[in-house]
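Coordinate inspection notes
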Amino acid sequence: MADMGAFRDAVTDWANGGSGEAARELAERLGVRAAVLLEGPSDLAAVETLAARRGRDLAAEGVAAVSMGGAMSIARFAAVLGPPGLDLRLTGLCDVREEPFYERGLQRAGAADAVYFVCVADLEDELIRALGTARVEEIVEADGDLRPWQTFLSQPAQHGRPRDQQLRRFLGTKKGRKIRYGHLLVEALEADRVPAPLEELFAAVGAAERG
């Protein structure tokens with residue numbers, strides 16, 4: 001049976017120059033009506049975790065959350081998922097420094113009406129501020145990363161840096177760590193502490209699903 005993972009793979013193939021036939025077939029079979037454009041897999045992990053916490057099955061709602069592998073891919077993915085391609089309703093998240101790529105890319109793809117939400121620095125920054133640095137350090141320790149974290153803090157480049165910046169940098173120092181913490185940090189959030197960009201994204205996705 002076809003699943004949303006297969007659809008995401010087909011979309012990525014299409015965005016990278018494939019025919020798009022498989023993506024079109026899967027979109028119809030799965031009833032895909034909306035897509036959430038995300039910069040990378042850690043953002044995808046966060047979105048999927050929050051959906052699970054809220055009892056939402058995005059795939060069953062016809063919503064495909066897609067990791068693009070970087071903000072500079074926005075035009076290609078918007079072209080295959082938006083009006084020129086599958087004509088899905090588009091939403092997304094981006095880092096503040098990547099907002100110009102989103103704006104230009106969506107316009108170039110003919111999807112300027114897409115709604116996206118901007119994180120102050122990036123999603124990790126939003127989550128760290130929502131939880132507080134002390135709570136994030138507790139999560140780091142509970143996940144078995146205390147020793148790597150202490151080693152990281154001992155590096156001269158980290159001396160004197162604000163704790164939130166140190167944590168953000170630490171999450172990106174090992175392959176797969178940002179993805180794992182994308183799940184863990186969202187899992188630890190209090191219900192009323194979800195960062196605004198994520199909250200707004202889910203509200204927009206809900207509106208798209210109802211429409």
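Residues numbered from 1 in each chain as written. Predicted model: local features only at pLDDT ≥ 70, side-chain atom pairs only at ≥ 80, totals over all residues. Heavy atoms only, no water.

Some remarks on the overall build of the protein chain
Helices and strands together make up the secondary structure of the protein chain, namely 11 helices and 4 strands. Relative to a compact globule of 211 residues, whose C-alpha radius of gyration would be 17 Å, the protein chain shows 18 Å and is just as compact. A principal-axis box enclosing the C-alpha atoms of the protein chain has dimensions of 50 × 35 × 30 Å. The buried share of the protein chain, reckoned over its 211 residues, is 50%. (Helix = DSSP H or I, 4+ residues; strand = E, 2+ residues; numbered from the N terminus. Rg over C-alpha atoms; globule rule 2.2 N^0.38 Å. Buried < 20%, exposed > 50% of the residue type's maximum accessible area, 1.4 Å probe, protein only.)

So, the pairing of strand β2 (residues 63-67)
When you tally the buried positions in β2, you get 5 out of 5 residues, the bulk of the element. The side-chain alternation of β2 yields two buried faces, one formed by Val63, Ala65 and Ser67 and the other by Ala64 and Val66. At this point the chain moves from strand β1 (residues 34-38), through helix α3 (residues 41-53), to the parallel β2, and the crossover so formed is right-handed. (Right-handed = clockwise from strand over helix to strand, strands pointing away.)

Some details on the sheet that holds β1
What the 4 strands build is an open sheet, ordered β2-β1-β3-β4; its pairing is parallel. In this open sheet, the two edge strands, each paired with only one partner strand, are β2 and β4 (115-119). Geometrically, the sheet is characterised by an average inter-axis angle of 15° between neighbouring strands, direction not taken into account. Sheet contacts for α3: β1, β2 and β3 (89-95); angle to β2, the most-contacted strand, approximately 150°. (Pairing = 2+ DSSP bridges. Axes fitted to C-alpha atoms, helices over the stretch in contact; angles between N-to-C directions. Contact = heavy atoms within 4.5 Å.)

Let's talk about the packing of helix α6 (residues 123-131) against helix α10 (residues 177-188)
At a minimum axis distance of 10 Å, the contact between α6 and α10 shows a crossing angle of 35°. Between α6 and α10 lies a crossing whose hand is left-handed. Residues Glu124, Leu127 and Leu131 of α6 pack against Lys178, Leu185, Val186 and Ala188 of α10. Considered class by class, the residues forming the contact of α6 with α10 number 5 nonpolar, no polar and 2 charged. (Left-handed = near helix turned anticlockwise from the far one by under 90°. Nonpolar A, V, L, I, M, F, W, Y, C, P; charged D, E, K, R; others polar.)

Quick look at the nonpolar core
With 39 residues, the main nonpolar core has Val47, Leu93, Leu185, Leu198 and Leu201 as its most contacted residues. Each residue touching leucine 93, except ones within four places of it in the same chain, is listed here: Leu37, Leu38, Glu39, Val47, Tyr102, Phe117, Cys119, Leu123, Pro197, Leu198 and Leu201. Leu26, Val32, Phe77 and Ala111 belong to the second-largest nonpolar core, a separate cluster that totals 30 residues. (Core = buried A, V, L, I, M, F, W, Y, C linked by side-chain atoms within 4.5 Å.)

Quick notes on the pattern of salt bridges
Tallied over the full model, the rule gives 15 salt bridges. Linking aspartate 95 and arginine 97 is a salt bridge whose minimum nitrogen-to-oxygen distance equals 3.6 Å. Among the salt bridges present, the one from aspartate 145 reaches arginine 180, with a minimum N-O distance of 2.6 Å. Pair noted here: aspartate 145 is in the loop between α7 (133-142) and α8 (146-153) and arginine 180 is in helix α10, with a separation of 35 residues, a long-range link. A relative accessible area of 31% means that arginine 180 is categorised as partly exposed. The structure contains a network of salt bridges with shared partners spanning Asp143, Asp145, Arg177 and Arg180. (Salt bridge = Lys/Arg side-chain N within 4 Å of Asp/Glu carboxyl O.)

As for the side chain of arginine 8
Counting through the fold element by element, arginine 8 comes out in helix α1 (residues 4-15). Only 3.4 Å separates the side chain of arginine 8 from the side chain of glutamate 48, close enough to count as a polar contact. Sequence-distant contacts of arginine 8, that is, excluding residues within four places in its chain, are made with Leu44, Glu48, Ala65 and Val66. (Polar contact = N/O pair within 3.5 Å; in protein donor to acceptor, adjacent residues only side chain to side chain.)

Looking at the packing of aromatic side chains
Counted by the stated rule, this structure contains 4 aromatic pairs. Both rings, one in tryptophan 149 and one in phenylalanine 152, keep their centres 5.9 Å apart while their planes meet at 15°; by these two values the pair is stacked. Separated by 3 residues within a single helix, tryptophan 149 and phenylalanine 152 lie in helix α8, roughly one turn from each other. Given the relative accessible area of 5%, phenylalanine 152 is considered buried. Taking 5.2 Å as the distance between ring centres and 65° as the angle between the ring planes, the aromatic pair formed by tryptophan 149 and phenylalanine 170 counts as edge-to-face. In this pair, tryptophan 149 sits in helix α8 while phenylalanine 170 sits in helix α9 (residues 163-171), placing the two residues 21 residues apart along the sequence. Ring pairs connect the aromatic residues Trp149, Phe152 and Phe170, which therefore count as one cluster. Above the face of the phenylalanine 202 ring, arginine 54 is positioned so that its terminal group lies 5.6 Å from the ring centre. Sitting over the ring of phenylalanine 101, arginine 104 keeps its end group 5.5 Å from the ring centre. (Phe/Tyr/Trp six-rings, centres within 6.5 Å; stacked < 30°, edge-to-face > 60°. Lys NZ or Arg CZ within 6 Å of the ring centre and 35° of its normal.)

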